[in-house]
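Take a look at the letters that make up each chain.
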Amino acid sequence: MTFPNIERLVAIMARLRDPKTGCEWDTVQTFETIAPYTIEEAYEVADACQRGDMADLKDELGDLLLQVVFHSRMAEEAGHFALADVVAAISDKMERRHPHIFLGQAEGGHHLWEQIKAAERSAKGHESAGAVSALEGVALGLPALLRAEKLQKRAARTGFDWPDASGARAKIDEELAEVEAAATQEEREEEIGDLLFAVVNWARKQGVDPEAALRGANAKFERRFKAMEVEAGEAFAGLDLDGKEALWVKAKRG
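(A) Spotlight on the overall build of the chain. Of regular secondary structure, the chain possesses 11 helices and 0 strands. Going from N to C terminus, the chain has its helices and strands arranged as α-α-α-α-α-α-α-α-α-α-α. The C-alpha atoms of the chain give 24 Å as radius of gyration, which overshoots the globular expectation for 254 residues (18 Å, by more than 25%). In terms of principal-axis extent, the alpha carbons of the chain reach across some 60 × 50 × 40 Å. Here the chain holds 254 residues, and 22% of them are scored as buried. For the chain, the exposed area adds up to about 17,300 Å²; of that, 58% sits on carbon and sulfur atoms. In the chain, the 32 positive side-chain charges and the 47 negative ones have mean positions that sit 4 Å from each other.

Here it is, written out as structure tokens:
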């Protein structure tokens, strides 16, 4: 099977990046300047999925694919790798992590996937330096809530975890008390960070995805607030807090 449209996209990006005849914006970009767009496009894919908008999802997946092609083109220009190497590497990885499907191994499953991932991280660590932490490879660029959850899951695999949700819940009360006892702004910031981390831990113990839960809360707040604005019209900004609260209650009921 061939993918002429992929080849077309690769050719388009090469032309855009041409130092003499390319686009003045594309030619000056770097991995660092493009990375925020890559993250943004991934979130727009997630948003389209959440809304169930397949037409939008098709467009957003195209935008995300462009990011992969863009990074690969810059890497090729620097002599590191090309898009074909990216595709080959992920193909090799998927076959390696599903040995029961592709390599004739008798058993598979999620536990084996995690074992293979851990072995890969260990191999990378030995290639670079010394012992490998169980937390190795949790990307710094992840959203903070998602990264907190991933760090906690990694730590839990080593046995460093609450036996049940009650310990995680008690930790929230402890951290909240420390926020209230903080004497300086710096201490408050640190303690609120600890409080948020504890809430993520409790959510994890409840089987709740904290990132998805907060996205849902954001969407709900946005929906209700916009309903308040529509209900009040131009008078909204001039309402006192009691008036806005009444609109909020009505929006919740609606």
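(B) Layout of the environment of alanine 213. With respect to the secondary-structure elements, alanine 213 resides in helix 10 (residues 210-232). Considered as a pair, alanine 213 and glutamate 40 are 173 residues apart in the sequence and their alpha carbons are 19 Å apart.

(C) Spatial organisation of a nonpolar patch on the surface. On the surface, a cluster of nonpolar side chains totalling about 340 Å² of accessible area is made up of Ile101, Phe102 and Leu103. Looking at the secondary structure, you find phenylalanine 102 in helix 5 (residues 99-102).

(D) Focus on the nonpolar core. If you look at the biggest cluster of nonpolar residues, it comprises 7 residues: Leu9, Met13, Ile34, Val69, Phe70, Met74 and Leu83. Of all elements in the fold, only helix 1 (4-16) and helix 3 (54-77) reach the threshold of two or more residues within this core. Of all the elements, helix 3 adds the most residues to this core, at 3 residues. Residue contacts for leucine 83: discarding those within four places in its chain leaves Ile6, Val10, Val68, Val69 and Ser72. Formed by 5 residues, the second largest nonpolar core is a distinct cluster that contains Met228, Leu247, Trp248 and Ala251.

(E) Broad picture of the environment of proline 99. As for its position among the elements, proline 99 is in helix 5. For proline 99, a relative accessible area of 6% gives the class buried. The spatial distance from the C-alpha of proline 99 to the C-alpha of glutamate 40 is 33 Å, given a sequence separation of 59 residues.

(F) Broad picture of helix 9 (residues 185-205). In this model helix 9 runs 30 Å from its N-terminal to its C-terminal C-alpha over 21 residues, within 8% of the 30 Å that 1.5 Å per residue would give. Glu191, Leu195, Ala198, Val200, Asn201, Ala203 and Arg204 are the residues of helix 9 that are buried. Count one or two residues on from helix 9 and you reach glycine 207, which has phi positive near 75°.

(G) Molecular detail of the packing of aromatic side chains. Summed over the entire model, instances satisfying the criterion amount to 4 aromatic pairs. Ring geometry for phenylalanine 221 versus tryptophan 248: centroids 5.6 Å apart, planes at 45°, classification tilted. Of this pair, phenylalanine 221 sits in helix 10 while tryptophan 248 sits in helix 11 (residues 241-253), and the two are 27 residues apart along the sequence. What links up through ring pairs into an aromatic cluster is the set Phe221, Phe225, Phe236 and Trp248. Against the face of tryptophan 202 rests arginine 169, its NZ or CZ located 5.4 Å from the ring centre. Sitting over the face of the ring of phenylalanine 236, lysine 244 holds its NZ or CZ atom 5.2 Å from the ring centroid.

(H) Region of interest: the side chain of glutamate 211. Its place among the elements puts glutamate 211 in helix 10. Contacts of glutamate 211, omitting those with residues within four sequence positions, involve Tyr43, Pro143, Leu145 and Leu146.

(I) Expanded view of the packing of helix 2 (residues 31-51) against helix 3. Remark: helix 2 packs on helix 3, axes separated minimally by 9 Å, with the N-to-C direction vectors making an angle of 160°. On the basis of the axis angle, helix 2 is roughly antiparallel to helix 3. As helix 2 runs across helix 3, the sense of the crossing is left-handed. Between helix 2 and helix 3, the contacting residues are Phe31, Ile34, Ala35, Tyr37, Thr38, Glu41, Ala42, Glu44, Val45, Ala48, Cys49 and Arg51 on the first element and Asp56, Leu57, Glu60, Leu61, Asp63, Leu64, Gln67, Phe70, His71, Met74 and Ala75 on the second. When its residues are assigned to classes, the contact of helix 2 with helix 3 shows 14 nonpolar, 3 polar and 6 charged.

Calculation notes
- Residues numbered from 1 in each chain as written.
- Predicted model: local features only at pLDDT ≥ 70, side-chain atom pairs only at ≥ 80, totals over all residues.
- Heavy atoms only, no water.
- Helix = DSSP H or I, 4+ residues; strand = E, 2+ residues; numbered from the N terminus.
- Rg over C-alpha atoms; globule rule 2.2 N^0.38 Å.
- Buried < 20%, exposed > 50% of the residue type's maximum accessible area, 1.4 Å probe, protein only.
- Areas by Shrake-Rupley, 256 points an atom, 1.4 Å probe, with all protein chains shown as cover.
- Lys, Arg positive; Asp, Glu negative; His and termini not counted.
- Charge placed at Lys NZ, Arg CZ, Asp CG, Glu CD.
- Patch = residues over 30% accessible without salt bridge, like charges linked within 9 Å, V, L, I, M, F, W, Y side chains within 5 Å.
- Salt bridge = Lys/Arg side-chain N within 4 Å of Asp/Glu carboxyl O.
- Core = buried A, V, L, I, M, F, W, Y, C linked by side-chain atoms within 4.5 Å.
- Contact = heavy atoms within 4.5 Å.
- Expected span 1.5 Å × (residues − 1).
- Phe/Tyr/Trp six-rings, centres within 6.5 Å; stacked < 30°, edge-to-face > 60°.
- Lys NZ or Arg CZ within 6 Å of the ring centre and 35° of its normal.
- Axes fitted to C-alpha atoms, helices over the stretch in contact; angles between N-to-C directions.
- Parallel < 35°, antiparallel > 145°, perpendicular 65-115°, else oblique.
- Left-handed = near helix turned anticlockwise from the far one by under 90°.
- Nonpolar A, V, L, I, M, F, W, Y, C, P; charged D, E, K, R; others polar.

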